[in-house]
Amino acid sequence: SSITDSFTTAAGSDTEGDGTVQKPFRSVGKALSLMTAGDTLFIDAGTFAETVELTLNNLTLVGKDSNATVIDPPSTDTGIRASNLTGLSIRTLGVSGARWGIYFTNVDQSVISGDSVSEVSNEGIYLAGGSDTNSGLKGGAKTGDAGSFVGAAGNASGNGGAAGAAGAAGAG
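Residues numbered from 1 in each chain as written. Predicted model: local features only at pLDDT ≥ 70, side-chain atom pairs only at ≥ 80, totals over all residues. Heavy atoms only, no water.

Notes on the overall build of the protein
Then step 1. Helix and strand counts for the protein come out as one helix and 14 strands.
Then step 2. Within the protein, residue pairs in contact and separated by at least 24 positions form 48% of the contacts whose partners lie at least 6 positions apart.
Then step 3. Of the accessible surface of the protein, which amounts to about 7300 Å², a share of 50% is contributed by carbon and sulfur atoms. (Helix = DSSP H or I, 4+ residues; strand = E, 2+ residues; numbered from the N terminus. Contact = heavy atoms within 4.5 Å. Areas by Shrake-Rupley, 256 points an atom, 1.4 Å probe, with all protein chains shown as cover.)

Take a look at the structure:
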């Protein structure tokens, strides 16, 4: 498939939008449902009350900045979740009010950079079940909650970019 850019904004529409700059989608989930591996989703400023489930390899999600583009999942669910994938890039997104900000299970060769989390009850970024060879585990800040910024468990090693990323094993 060809590499495609899609766009989402809080003022967009999931019924009238088509994912272009002129007619963006409202929800991240709607945009993701139409994407293919290798695509990029640009998420404009706004609060998105949903859990973002990544199901394709080689996806890129880019927010306006981590204070302006915020994933705020319902019922303290996980903000951004992925399992058994490679090649993800999550940049400049914020997560608020979640149990975990970003939760990867067996996700490899991925980059998390410039993200921030607030008011989460566990780790801001949690790497589980063989999530290794990830890089750029850098974010803005994690504030107002328990846990650490980066936690790892279940054979998650070899991740770089954050002091103590692998050393936080067992947290959460």
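Having seen it, we continue.
Comments concerning unusual backbone geometry
Most of the time, phi is negative for any residue but glycine, and the peptide bond is trans.
Then step 1. The phi angle at Asn-58 is positive, at roughly 60 degrees, despite the residue not being glycine.
Then step 2. On the secondary structure map, Asn-58 appears in the loop between strand E4 (52–54) and strand E5 (60–63).
Then step 3. In this structure Asn-58 comes out as partly exposed when scored by relative accessible area, which is 41%.
Then step 4. A positive phi angle, near 55 degrees, is found at Asn-84, a position not held by glycine. (Buried < 20%, exposed > 50% of the residue type's maximum accessible area, 1.4 Å probe, protein only.)

Observations regarding the nonpolar core
Then step 1. Grouped together as the largest cluster of nonpolar side chains are 29 residues, with contacts concentrated most on Val-28, Leu-32, Val-52, Leu-54, Ile-80, Leu-88 and Phe-104.
Then step 2. Contributing elements (two or more residues each) for this core: helix H1 (28–33), strand E2 (40–43), E4, strand E7 (80–83), strand E10 (102–105), strand E11 (111–118) and strand E12 (125–128).
Then step 3. If you tally residues by element for this core, the top one is H1, at three residues.
Then step 4. If we skip the residues at most four places from it in the chain, Val-28 touches Thr-8, Leu-41, Ile-43, Phe-48, Glu-50, Val-52 and Ile-71. (Core = buried A, V, L, I, M, F, W, Y, C linked by side-chain atoms within 4.5 Å.)

Considering the pattern of salt bridges
Then step 1. Applying the stated rule across the entire model yields two salt bridges.
Then step 2. Glu-53 serves as the salt-bridge partner of Arg-81, at 2.6 Å between the closest nitrogen and oxygen. With Arg-81 in strand E7 and Glu-53 in strand E4, the pair connects residues that are 28 residues apart, well separated along the chain.
Then step 3. Here Arg-81 falls in the partly exposed class, since its relative accessible area comes to 23%.
Then step 4. For Glu-53, a relative accessible area of 37% puts it in the partly exposed group.
Then step 5. Residue Arg-81 is joined to Asp-77 by a salt bridge in which the shortest nitrogen-to-oxygen separation is 3.5 Å. (Salt bridge = Lys/Arg side-chain N within 4 Å of Asp/Glu carboxyl O.)

What about the pairing of E10?
Within a regular strand, side chains alternate between the sheet's two faces.
Then step 1. Judged from the four bridges that link them, E7 and E10 form a sheet pairing that is parallel. By the bridge assignment, Ile-80 is partnered in E10 with Ile-102.
Then step 2. Inspection of the sheet shows E10 paired to E12 by four bridges, in the parallel sense. Bridging from a neighbouring strand, Thr-105 pairs with Ala-128 of E12. (Pairing = 2+ DSSP bridges.)

Concerning the pairing of E7
Then step 1. Every second residue of E7 is oriented toward a common face, the buried set being Ile-80 and Ala-82 and the non-buried set Arg-81 and Ser-83.
Then step 2. Where E4 lies against E7, three bridges are found, and the strand directions are parallel. Its bridge partner lying in E7, Val-52 is registered against Ile-80.

A few points about the confidence of the model for the protein
Then step 1. When pLDDT is averaged along the protein, the result is 81; 77% of the residues meet or exceed 70.
Then step 2. No element of the protein has a lower mean pLDDT than strand E13 (residues 135–143), at 57, and none a higher one than E4, at 97.
Then step 3. In the predicted structure, residues 162–172 sits below a pLDDT of 50 and forms 16 contacts with residues beyond four places in sequence or in another chain. (pLDDT = per-residue confidence, 0-100.)

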